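Coordinate analysis (summary)
What follows is each chain in one-letter form.
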Amino acid sequence: MKNSLIQKYNIPGPRYTSYPTVPYWDNETFSKEKWIKTFKQSFIESNSSEGISLYIHLPFCESLCTFCACHKHITKRHEVEDPYITTVLKEWKLYVDLADEIPVIKEIHLGGGTPTFFSTTQLKKLIDGIFVNAKKHPNHEFSFEGHPNNTSKEHLQTLYDLGFTRVSFGVQDYNPKVQEAIHRIQPFENVQKAHNWAKEIGYTSISHDLVFGLPFQTKENVIYTIDKTKELQPDRISFYSYAHVPWVKGVGQRGFNEDDLPKNEEKRELYEIGKELFAEMGYVEIGMDHFALPSDSLYKATQEKTLHRNFMGYTANKTQLMIGLGMSAISDSWYGFAQNVKTVKEYEKIVNEGEIPVFRGHILSEEDLIIRKHILNIMCHFTTSWEEEAMLIENVENHLEKLEEMIADGLVSLQGNKLTVPEKARPYVRNICMAFDKKLHQKQPETKLFSMTI
């Protein structure tokens, strides 16, 4: 029965870091002026109470990892650091000038690319520069993504001194054959060294990112990788399903053939093995693909029903406004989304001309906002409910009709106006959210857009 469900529901689908998802943004009616209007509204509503979040995209990598689907710029030329950081600070000042009070920053996340491609001098220049025009929220949480091969003790100490208490190390898999296929040669000793430095310095949340479904990956590989992870016992573990999207321009997923990838039941078994081992180690499943020790803030956010999901993934800190700085970064005002241009050259040119560098986006309708709320509830809490607002969703009955087959398959429970996802059905949460995705049903994609859901 389980295998037949995997075959039935393992279809292309969004990961729902937003609703509407990026391919369904209404770029034709979007404008920079409309985006700025939603930014100002959200800033006024949230800055003085909950604060705002910053996602800063640091896109440079010295080499290409072929499993990665992020927007990055491959170079070994470190002279690119200073002009890029200078431009990011100019972009931030453009937003500050639009605000009517000093921004209060609750959350900063440095993503990439490889944030630790940058020197400690440049990273300090970046964070110090941000706070020339901002102040820290009393309950701030700053985090960054660290590549174990080039994250130095100086990187960790410098960022810790600047207020960073969370670091996420990209591990993926410890098997040499898998590492060679994904072009990420990274021995356990490098991860161990960086992890122990972070612990020694005082980081309160250390996360390891693992990936299942990689080329040549077997259950023995997964068991070995998790056994090695157990030796370090990170506070959080992300166990991501490999998103194979070679049709996306620039991702570079060409280091292996389709036949080298574990498929359907074989791939799902890798996740189930991992999930079981994590439970034995004392980790609790959080949302989709995440696990945390009970002492971690992500677990506490789950217990307190404050878990949030945005373009940075799951976060314990919900903020209404998230500003994305840097090449290709996406911003979220709750009422609208906006994405920056996707090349370093164009990004620097536009910002240095004094313009906010967004090139596409979406302004959410009242219906979008309602659907978004329900999808967020399902992704974060595995339940949602509705009252009179259901009447505002023109085709709410159609959404529920699409769930009938899932109800019959035991993937959701529907009692009155409350929907619940049982624990055994969590692998299918993306499919369940798809049932509410009006834009997806209105226009099924004619080309490949999404990775497989399971």
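Residues numbered from 1 in each chain as written. Predicted model: local features only at pLDDT ≥ 70, side-chain atom pairs only at ≥ 80, totals over all residues. Heavy atoms only, no water.

An unreviewed UniProt entry lists the protein under the name Coproporphyrinogen-III oxidase, from Tenacibaculum caenipelagi. Regarding the protein, the UniProt comment filed under Sequence similarities (unreviewed entry) reads as follows: "Belongs to the anaerobic coproporphyrinogen-III oxidase family." Its UniProt record gives the protein the following Pathway (unreviewed entry) comment, quoted word for word: "Porphyrin-containing compound metabolism; protoporphyrin-IX biosynthesis; protoporphyrinogen-IX from coproporphyrinogen-III (AdoMet route): step 1/1." (UniProt positions renumbered as here; feature names shortened; annotations may be inferred.)

Quick look at the sheet that holds strand β17 (residues 383–385) now. Strand order in this open sheet of 3 strands is β17-β19-β18, and the pairing throughout is antiparallel. This sheet does not close on itself; its edge strands, each paired only once, are β17 and β18 (413–415). Strand-to-strand, the axes of this sheet are offset by a mean angle of 15 degrees, without reference to chain direction. One ladder, built from 3 bridges, connects β17 with strand β19 (residues 418–420); its direction is antiparallel. (Pairing = 2+ DSSP bridges. Helix = DSSP H or I, 4+ residues; strand = E, 2+ residues; numbered from the N terminus. Axes fitted to C-alpha atoms, helices over the stretch in contact; angles between N-to-C directions.)

Quick look at the pairing of strand β15 (residues 336–340) now. Most of β15 is tucked away: 5 of the 5 residues are buried. A two-sided burial pattern is seen for β15, the buried positions comprising Gly336, Ala338 and Asn340 on one face and Phe337 and Gln339 on the other. Examined bridge by bridge, strand β14 (residues 330–332) and β15 share 3 bridges and lie antiparallel to one another. The partner of Ile330 across the bridge, within β15, is Gln339. Between β14 and β15, which pair antiparallel one after the other, the connecting turn spans 3 residues, and Trp334 there sits at a positive phi close to 80 degrees. (Buried < 20%, exposed > 50% of the residue type's maximum accessible area, 1.4 Å probe, protein only.)

Describing two packed helices takes the angle between their axes plus the distance from one axis to the other. Orientation of helix α4 (residues 120–130) relative to helix α5 (residues 153–161), taken along the N-to-C sense of each, is 15 degrees, at an axis distance of 10 Å. Viewed along their axes, α4 and α5 adopt a mutual orientation that is roughly parallel. Of the two possible hands of crossing, α4 and α5 adopt the one that is right-handed. Taking contact as the criterion, the partners of Thr120, Leu123 and Lys124 in α4 are, on α5, Glu154, His155, Thr158 and Leu159. Classifying every residue of the contact of α4 with α5 gives 2 nonpolar, 3 polar and 2 charged. (Parallel < 35°, antiparallel > 145°, perpendicular 65-115°, else oblique. Left-handed = near helix turned anticlockwise from the far one by under 90°. Contact = heavy atoms within 4.5 Å. Nonpolar A, V, L, I, M, F, W, Y, C, P; charged D, E, K, R; others polar.)

Below, the discussion takes up the pattern of salt bridges. Per the counting criterion, the structure on display carries 15 salt bridges. Here Lys153 ties to Glu200 by a salt bridge, and the two come within 2.8 Å at their closest N and O atoms. A residue pair is termed long-range when its members are at least 10 positions apart, and Lys153 in helix α5 and Glu200 in helix α7 (residues 188–201) qualify at 47 residues. Lys153 sits in the partly exposed class, given a relative accessible area of 32%. On the basis of relative accessible area, Glu200 is assigned to the exposed category, the value being 55%. (Salt bridge = Lys/Arg side-chain N within 4 Å of Asp/Glu carboxyl O.)

Time to look at the environment of Lys349. With respect to the secondary-structure elements, Lys349 resides in helix α11 (residues 344–352). Each C-alpha atom, one on Lys349 and one on Tyr84, is 11 Å from the other, the two residues being 265 residues apart in sequence. For Lys349, the side chain forms a polar contact with the side chain of Glu353, separated by 2.9 Å. (Polar contact = N/O pair within 3.5 Å; in protein donor to acceptor, adjacent residues only side chain to side chain.)

As for its placement among the helices and strands, Ser333 is situated in the loop between β14 and β15. Among the polar contacts listed, one links the side chain of Ser333 to the side chain of Thr38, at a separation of 2.9 Å. Apart from residues no more than four positions distant in its own chain, Ser333 is found in contact with Trp35, Thr38, Phe39, Ser42, Gln320 and Leu321.

What follows is about the packing of aromatic side chains. Taken as a whole, this structure holds 23 aromatic pairs when the rule is applied. Here the aromatic residues Phe131, Phe142, Phe144, Tyr160, Phe164 and Tyr203 are joined through ring pairs into a cluster of three or more. In this structure, Lys228 is placed above the aromatic ring of Phe188, and the distance from its NZ or CZ to the ring centre is 4.3 Å. The ring of Tyr314 has Arg309 sitting right over it, with the charged end atom 4.7 Å from the ring centre. (Phe/Tyr/Trp six-rings, centres within 6.5 Å; stacked < 30°, edge-to-face > 60°. Lys NZ or Arg CZ within 6 Å of the ring centre and 35° of its normal.)

The next subject is α7. Along its 14 residues, α7 runs 20 Å from first to last C-alpha, staying within 8% of the 20 Å computed at 1.5 Å per residue. Within α7, the full set of buried residues consists of Phe188, Val191, Ala194, His195, Ala198 and Ile201. Buried residues along α7 sit against α5, β6 (164–172), β7 (205–212) and α8 (219–232). (Expected span 1.5 Å × (residues − 1).)

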